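Report on the structure
The chain contents come next:
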Amino acid sequence: MDYEAEQAMELEALQAIFPDDIEEYEGSAPADWPPHGKVWAVNINPSAEVGADDEDAEPELAMQLVFAHTPSYPDEAPCMRLRSVRGLGDAELAEATAELQQHIADSMGMAMIYNLVTAAQEWLAAHLAAGPAGSALDPEAEERRKRDEEEAARAAARAHGHPVTIESFEAWRRKFEAEQALARAQLGEGGKGGEAAAAGRVTGKAWFLAQMAAGKGSSSEEEEEEDVDDDDVDGEGGADKEQGDDDEDELVDEDEDVDYEDDDDEGLLDEYLVSKE
């Protein structure tokens, strides 16, 4: 068998099937691999059909199948290993590698790289479908997933900001006005306010202004003001009434002093008429 011809034909077929997924591997090959030919890598993900070109897709799991032909391939096993591209840990790679080794054992004597790529993609799809149970095998991948979710939540919070409601704004306004009133009262009282602040106490004026700013004025004060207004009205009305009573008494006294029916008036009239004659 012309091994080099067989290997060249397989590479040509792989490049036709995976035009965008196969490339020459630029990393270092393991030391135990024989120096025979080039090292190749095939990108594998479970989100699309093998060889499909889907640049926009970014699957949760992805890996590379790195391989190299040995001098007697396909009559001997190729050099092969798996690399994690996204979301896979060492334990998961070991599990997938064991499954591919079984495929290699079953495919000896014939070209098998395409079958290995297909088997790797099927393993990824099954692992992804397993959900959290599968990801639990890789603590690092789970930690990365949590960090990504937390960062996404923080980015969303920064984009939308803290929502402000009428209730939260009113609460903030009352607190702000109370603090401002307290500060003004302490500044206005001078030494007394300074001594009270130094002693850790709030003066009565400062407390009253703070309560008024917070909308907590005493209802008793309003009641007292209403009582004072009523007393003023009653006092003025009472004084006017007493003054009116006094005036009426004086008029009555004056009327009592006038005698409209005095008999002396008739005598005076008679004397006046006689003197005219």
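Everything discussed here concerns the structure shown above.
**Overview of the pairing of strand β3 (residues 62–68)**
As a general feature of sheets, a regular strand has side chains that alternate between the two faces. Of all seven residues in β3, seven are buried; the element is thus mostly enclosed. Going residue by residue along β3, you find Ala62, Gln64, Val66 and Ala68 tucked away on one face and Met63, Leu65 and Phe67 tucked away on the opposite face as well. Strand direction decides the pairing type here: strand β2 (residues 40–44) and β3, joined by five bridges, are antiparallel. Directly across from valine 42, in β3, lies its bridge partner leucine 65. Sheet analysis places β3 next to strand β4 (residues 79–86), joined by seven bridges and oriented antiparallel. When the bridges of β4 are listed, phenylalanine 67 appears paired with methionine 80.

**Here we look at the sheet that holds strand β1 (residues 22–24)**
Sheet strands line up and pair through hydrogen bonds in the backbone, either parallel or antiparallel. Ordered by their spatial adjacency, four strands build an open sheet running β1-β2-β3-β4, and the pairing between neighbours is antiparallel. Sheet topology places β1 and β4 at the edges, where each strand pairs with a single neighbour. For this sheet, the mean angle separating the axes of adjacent strands, direction not counted, is 25°. Taken strand by strand, helix α2 (residues 90–106) contacts β3 and β4, and its axis lies near 145° from that of β4.

**Digging into the pattern of salt bridges**
Using the criterion set out here, one finds four salt bridges in the structure. One salt bridge in this structure joins lysine 38 and glutamate 24, with 3.9 Å as the shortest N-O distance. Of the two residues, lysine 38 is situated in the loop between β1 and β2 and glutamate 24 in strand β1; the sequence distance between them amounts to 14 residues. Taking the relative accessible area as the measure of exposure, glutamate 24 reaches 41% and is therefore partly exposed. Between arginine 154 and glutamate 151 there is a salt bridge whose closest N-O contact spans 2.8 Å. Of this pair, arginine 154 and glutamate 151 are both found in helix α5 (residues 139–160), three residues apart, which corresponds to roughly one turn of the helix. Residue classification places arginine 154 among the partly exposed residues on the basis of a relative accessible area of 42%.

**Observations concerning the environment of valine 66**
By secondary structure assignment, the location of valine 66 is in strand β3. Valine 66 sits 39 residues away from glycine 27 along the chain, and the two C-alpha atoms are 9.9 Å apart. Leaving out residues up to four positions away in the same chain, valine 66 has contacts with Tyr25, Trp33, Val39, Trp40, Ala41, Cys79, Met80, Arg81 and Arg83.

**Some remarks on the environment of arginine 144**
One can find arginine 144 in helix α5. Sequence separation between arginine 144 and glycine 87 is 57 residues; the distance between their C-alpha atoms is 8.2 Å.

**Considerations on helix α1 (residues 3–17)**
Over its 15 residues, α1 runs 21 Å from end to end, which matches the ideal 21 Å to within 8%, given 1.5 Å per residue. All buried positions along α1 are accounted for by Gln7, Glu10, Leu11 and Leu14. Down the axis of α1, the smallest arc covering the buried residues is 100°, so these residues share one side. For α1, the exposed residues set more than 90 degrees away from the buried face come down to Met9, Glu12 and Ala16. Considering only its buried residues, α1 is in contact with β1, β2, β3 and α3 (113–129).

About the cut-offs
- Residues numbered from 1 in each chain as written.
- Predicted model: local features only at pLDDT ≥ 70, side-chain atom pairs only at ≥ 80, totals over all residues.
- Heavy atoms only, no water.
- Buried < 20%, exposed > 50% of the residue type's maximum accessible area, 1.4 Å probe, protein only.
- Helix = DSSP H or I, 4+ residues; strand = E, 2+ residues; numbered from the N terminus.
- Pairing = 2+ DSSP bridges.
- Axes fitted to C-alpha atoms, helices over the stretch in contact; angles between N-to-C directions.
- Contact = heavy atoms within 4.5 Å.
- Salt bridge = Lys/Arg side-chain N within 4 Å of Asp/Glu carboxyl O.
- Expected span 1.5 Å × (residues − 1).
- Arc of directions from axis to C-beta.

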